[in-house]
Amino acid sequence: MHRVGSAGNTTNSVRPRKEKRLAYVLSDADDTKHCAGINCLKVLKSTVSNGCDYLFTGSRDGTLKRWALSEDSASCSATYESHVDWVNDVVLAGDSTLVSCSSDTTLKTWNCLSDGTCTKTLRQHSDYVTCLASAEKNSNIVASGGLGGEVFIWDMEAALTPVSKSGEAMEEDCLNGVNGSTNSLPMTSLRTISSSNSISAHTTQGYVPVGAKGHKESVYALAMNDSGTRLVSGGTEKVVRVWDPRTGSKAMKLRGHTDNIRALLLDSTGRYCLSGSSDSMIRLWDLGMQRCLHSYAVHTDSVWALASTPTFSHVYSGGRDLSLYLTDLATRESLLLCTKEHPISQLALHDDSIWVATTDSSVDRWPAEAHNPQKVFQRGGSFLAGNLSFPRARVSLEGSIPVPVYKEPTLTIPGTSALVQHEILNNRRHVLTKDTAGSVKLWEITRGIVIEDYGKVSFEEKKEQLFEMVSIPTWFTVDTRLGSLSVHLDTPQCFSAEMYSADLNIVGKAEDDKVNLAHETLKGLLAHWLAKRRQRLGSQASANGDVLSGKDIAPRSLAHSRVEVDGGAENDSMVYPPFKFSTVSPPSMVTEGYQGGPWRKKITDLDGSEDEKDFPWWCLDCVLNNRLPPKENSKCSFYLHPCEGSAVQILTQGKLSAPRILRIHKVVNYVAEKMVLDKPLDNVNTDGTFAPGLGGHVQHSVVGDGSFRSGAKPWQKLKPSIEILCNNQVLSPDMSLATVRAYIWKKPEDLILNYRLAQGR
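Residues numbered from 1 in each chain as written. Predicted model: local features only at pLDDT ≥ 70, side-chain atom pairs only at ≥ 80, totals over all residues. Heavy atoms only, no water.

### A look at the overall build of the protein chain
Heads up, the condition is: What counts as a helix is a DSSP run of H or I of at least four residues, what counts as a strand is a run of E of at least two, and both are numbered from the N terminus. Any residue under 20% of the maximum accessible area for its type is buried, any over 50% is exposed, and the rest in between are partly exposed; the area is computed with a 1.4 Å probe on protein chains only. Residue contacts follow a heavy-atom distance rule, with two residues in contact if any of their heavy atoms lie within 4.5 Å. Every accessible area reported is derived by Shrake-Rupley at a probe size of 1.4 Å, with residue values counting cover from the shown protein chains alone.
Of regular secondary structure, the protein chain possesses eight helices and 49 strands. When burial is assessed residue by residue, the protein chain has 55% of its 761 residues classed as buried. Expressed as a percentage of contacts within the protein chain between residues at least 6 apart in sequence, the contacts between residues at least 24 apart total 58%. Accessible surface computed for the protein chain: about 32,200 Å², of which carbon and sulfur atoms make up 48%.

### Side note on empty space enclosed by the protein
Rules: Buriedness for pockets is judged along seven lines, at least five of which must meet protein on both sides within 12 Å for an open set on the 1 Å grid over protein atoms alone, while cavities are sets there where a 1.4 Å probe fits but cannot get out, and lining residues have an atom within 4 Å of a point. Grid points are joined across faces, edges and corners, and a volume is the space filled by probe spheres set on the points.
For the structure shown, the criterion picks out four cavities of 30 Å³ or more. Lining the largest cavity are 20 residues, and of these Ser27, Asp31, Cys35, Arg600 and Lys602 lie nearest its centre. Listed by contribution, the elements that provide at least two residues to the lining of the largest cavity are β4 (63-69), β5 (74-81) and β42 (599-602).

### Regarding unusual backbone geometry
Across the junction of Thr491 and Pro492, the peptide omega takes the value 0 degrees, indicating a cis bond. One can find Pro492 in the loop between β37 (486-489) and β38 (498-500). A positive phi angle, near 65 degrees, is found at Asn626, a position not held by glycine. Tracing the chain through its elements places Asn626 in the loop between α6 (617-625) and β43 (627-628). The phi dihedral of Asn728 is positive, around 65 degrees, even though this residue is not glycine. Position of Asn728 relative to the elements: it lies in the loop between β47 (722-726) and β48 (729-730). Classification of Asn728 by relative accessible area gives exposed; the value is 75%.

### Description of the UniProt feature "repeat: WD" (unreviewed entry) in the protein chain
Basically, it comes down to this: UniProt positions are given in the numbering used here, feature names are shortened, and annotations may be inferred rather than shown by experiment.
In this numbering, the UniProt entry assigns the feature "repeat: WD" (unreviewed entry) to residues 80-111, 122-157, 212-253 and 254-295. Secondary structure content for residues 80-111 is 0% helix and 66% strand, while the C-alpha to C-alpha distance between its ends is 10 Å. Taken end to end, residues 122-157 comprises 0% helix and 67% strand; its first and last C-alpha atoms sit 13 Å apart.

### A closer look at the sheet that holds strand β21 (residues 281-286)
Quick note on the threshold: Two strands are said to pair when DSSP picks up at least two bridges between them. To obtain each axis, a line is fitted to C-alpha atoms, and for helices this fit is confined to the stretch in contact; angles are then taken between N-to-C directions over 0 to 180 degrees.
The antiparallel open sheet is built from four strands, whose spatial order is β19-β20-β21-β22. Two strands close off the open sheet at either side, each with one partner strand: β19 (261-266) and β22 (291-297). Across the sheet, the mean angle separating the axes of adjacent strands is 20 degrees when strand polarity is ignored. Taken together, the six bridges between β21 and β22 define a ladder with antiparallel strand orientation. When the bridges of β22 are listed, Ile282 appears paired with Tyr296.

### Quick word on the sheet that holds strand β3 (residues 53-59)
Spatially, β2-β3-β4-β5 is the arrangement adopted by the four strands of the open sheet, whose pairing is antiparallel. Every interior strand has two partners, whereas the edge strands, β2 (38-44) and β5, have only one. Between one strand and the next, the sheet's axes are offset by a mean angle of 20 degrees, whatever the strand orientation. Pairing geometry for β4 and β5, over seven bridges, is antiparallel.

### As for the pattern of salt bridges
To keep things clear, this is the line we draw: Only one rule defines a salt bridge in this text: a Lys or Arg side-chain nitrogen within 4 Å of an Asp or Glu carboxyl oxygen.
In total, this model carries 27 salt bridges according to the counting rule given. A salt bridge links Glu81 to Arg600, with the shortest nitrogen-to-oxygen separation between them at 2.7 Å. In this pair, Glu81 is assigned in strand β5 and Arg600 in strand β42, connecting sequence segments 519 residues apart. Classification of Glu81 by relative accessible area gives buried; the value is 15%.

### Notes on the environment of Tyr325
Residue position: Tyr325 is located in strand β25 (residues 323-328). Between the alpha carbons of Tyr325 and Leu335 there is a distance of 5.5 Å; along the sequence they are ten residues apart.

### Thoughts on the nonpolar core
Basically, it comes down to this: Buried residues of nine kinds, namely Ala, Val, Leu, Ile, Met, Phe, Trp, Tyr and Cys, make up a nonpolar core once their side-chain atoms join them within 4.5 Å.
Counting residues in hydrophobic clusters, the biggest one holds 45 residues, and the most contacted among them are Ile445, Leu489, Leu522 and Trp618. Listed by contribution, the elements that provide at least two residues to this core are β1 (22-25), β37, α4 (517-525), α5 (527-543) and α6. Top element by residues in this core is α6. It accounts for seven residues. Setting aside its immediate chain neighbours within four residues, Leu522 contacts Leu22, Leu489, Phe495, Trp618, Cys619, Cys622 and Val623. In terms of nonpolar packing, the next biggest core, distinct from the first, is built from 29 residues, Val668, Ile722, Leu737 and Leu751 among them.

### Some remarks on the pairing of β21
Extensive coverage of β21 is indicated by the burial of six of its six residues. Because side chains alternate across β21, one face comprises the buried residues Met281, Arg283 and Trp285, and the other comprises Ile282, Leu284 and Asp286, equally buried. In this sheet, β21 lies alongside strand β20 (residues 272-277) in antiparallel orientation, the contact comprising five bridges. Opposite Tyr272, over in β21, you have Asp286 as the bridge partner.

### Digging into the side chain of Asp53
The condition is simple: Here a polar contact is recorded for every N or O atom pair within 3.5 Å, except that within protein the pair must consist of a potential hydrogen donor and a potential acceptor, and residues adjacent in sequence are included only if both atoms are side-chain atoms.
Along the chain, Asp53 turns up in strand β3. By relative accessible area, Asp53 is classed as buried at 13%. A polar contact of 2.8 Å, which involves the side chain of Asp53, links it to the backbone nitrogen of Ser46. With sequence-adjacent residues up to four places away left out, Asp53 is seen in contact with Leu44, Lys45, Ser46, Trp67, Ala68, Leu69, His350 and Asp351.

### Quick look at the side chain of Thr358
By secondary structure assignment, the location of Thr358 is in strand β28 (residues 353-358). With relative accessibility at 3%, the residue Thr358 sits in the buried group. In terms of polar contacts, Thr358 uses its side chain to reach the backbone amide nitrogen of Asp360, at 3.0 Å.

### Side note on the confidence of the model for the protein chain
Low-confidence regions, as indicated by low pLDDT, have predicted coordinates that should not be scrutinised in detail. Stated formally: A residue's pLDDT is simply how confident the predictor is in it, with values from 0 to 100.
Taken over all residues, the pLDDT of the protein chain has a mean of 80, while the share at 70 or more is 77%. Here residues 554-562 is modelled with pLDDT under 50, and outside its nearest four sequence neighbours on either side it reaches twelve contacts, counting other chains as well.

### So, α6
For α6, the buried fraction is high: nine of the nine residues fall into the buried class. Listed in full, the buried residues belonging to α6 are Trp617, Trp618, Cys619, Leu620, Asp621, Cys622, Val623, Leu624 and Asn625. Positioned one or two residues after α6, Asn626 has a phi angle of 65 degrees, which is positive.

### Let's talk about helix α8 (residues 737-745)
Within the span of α8, buried status applies to Leu737, Ala738, Thr739, Val740, Ile744 and Trp745. After α8 finishes, the residue Lys746 shows a positive phi value of roughly 60 degrees.

### Points about the environment of Ser275
Relative to the assigned elements, Ser275 resides in strand β20. You can call Ser275 buried: its relative accessible area is 0%. Along the sequence, Ser275 and Trp304 sit 29 residues apart, while their C-alpha atoms lie 9.7 Å from each other. Setting aside residues no more than four positions away along its own chain, Ser275 makes contact with Val240, His257, Ala263, Leu264, Met281, Ile282, Arg283, Trp285 and Leu306. Within polar-contact distance, the side chain of Ser275 engages the side chain of Trp285 at 2.8 Å.

This is how it looks when you write it as structure tokens:
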């Protein structure tokens, strides 16, 4: 399984982050489509005649979707968004409760016929939750397993908080708000299974420690019989473990596979079990006899997905070899139904069809004849499944490589191409991406939109074409693990980048005003939330100015004395055009406050009730109170000397200091003014720009960025034409000091600039 740092896996982290992170996920595509591989499927049959059947899909893009099915179409009727990492599995508990699990270490429950609101968040796992199992006739029981080697049995109707791990760990979890969210409803009883120990029932009344200390290995697959009286689990231990969820006892351990177990099925009674493994084999087990009845060598690579006919007489299997097979468990006859372009991750039978999910973002429906599978075998082309792993096992009945029975699916639910490559450009506002289809696009992350779609071109060549010689601090990071662009902001680093309003083409704002990119981006992201918040607080509070006072924000922010007020934003609620996010395809915010754990929601779905329990305190302090962390390294020190051999007067021998973003044309103006006015630098303090030196000698003067604004001054009529050089290279007036230092100077020492009269003047 693809392992990445999960935003949700912080509860049990050994080294917790000092401050919570805020991220946002961008999308330029249709929200009714998945944009990453499909990990899980579940069909909900209508209980009324002529009612609508539904298909639920869970994706690596972090969302689930509900599809209303008809004979020849499938339409997205709801998107379930709350997980902050891959959705790995989904089951139905009864007729109306959907349960999902994720790499964010949580389970979530949803009303499957609602508009997509999460009803519960269950936080108990210490690592990715990979698989779920439910009992068809006992809607109260759901099992979950994950990479931490844990298997939990959940009583879905219970009322008390589940207890697991050690007493100390549980106490720490409570302090961390594991079950304290408004979305996290407590559960009565939780039984935990370690991969080497029996199930122990726990309640809040007392903790029963796990007796043996075996190593814990990852669990990849679970299955439960209809009544919930038997549970099987499998994973990296290569054995099938059998449990009785009612008593918590370990029943047996079945050996035979030689690699990870990736898929499990139980028949309705719980006597027979099918297992699929990375050793490419499918095995049929008789749990009553505690032995393997048959092994089937059908696939040429890992078996990832299994589905059986209602009578458990035939099995459909798919996996890493891109193939879907139908196998008769009694006669061992096997048939290649279809081949895909991507590995098959999950299967779901629906009447006489089968839904097939792959690591691609689309889902296909193929004919299956589940109620009469012999009809498919009558088409011919079958082979006898051997009982040894490939390549020696397959014995073809017709002496040839199997040919797929079906060439085309009967229905396809298309997805959009996942992003697989990205590059942050030097201007620190644009990101170049490439998707699985080879399409290259340019994103503006401060607005969350695609500004150029280049089509299928060379990513590397386009990256070179877009190179700019500019130096702006890295204020965000990005990744594409969800198939789309996720932008991450961490304090205080995110507040390190500033630009002049003129460079952002902000109309009506003084061109020399500095704009903090993260501050304005946060204002854009939370503009809808701020408007809703104002509505909630009421017109009287707005009139009194209490809305932006921050009085109801966590007192923790007041304890941080080292904060700077961003004086550049006179109207701190105004969102400037370069920071206005789309309301048609709004980004989704991923963050957490001090309670309840990480969450994800579209910025247009925020209702204004969210506060410091939900948002990081530094984010609210920035947006509501206009306060930023102290800036570091925002100044650049340099020396300004005449060029060697130049007859130009020496203006100063001291060190100068200016903002890193100061343009060279400001330095040109600085030199020109001194030459015309012919005044010693240490006595000049014109327009608040130049600070006097220390002790009468220029030691560290300051070149400001607020001087020489529009409106000619008398000295400008006599202004000489000046060139600024660094390392004997004439500098462009539009370069910033940071750019000169990074690309021209290239030394750790203080920058040295030279000036001279322009050549030929």
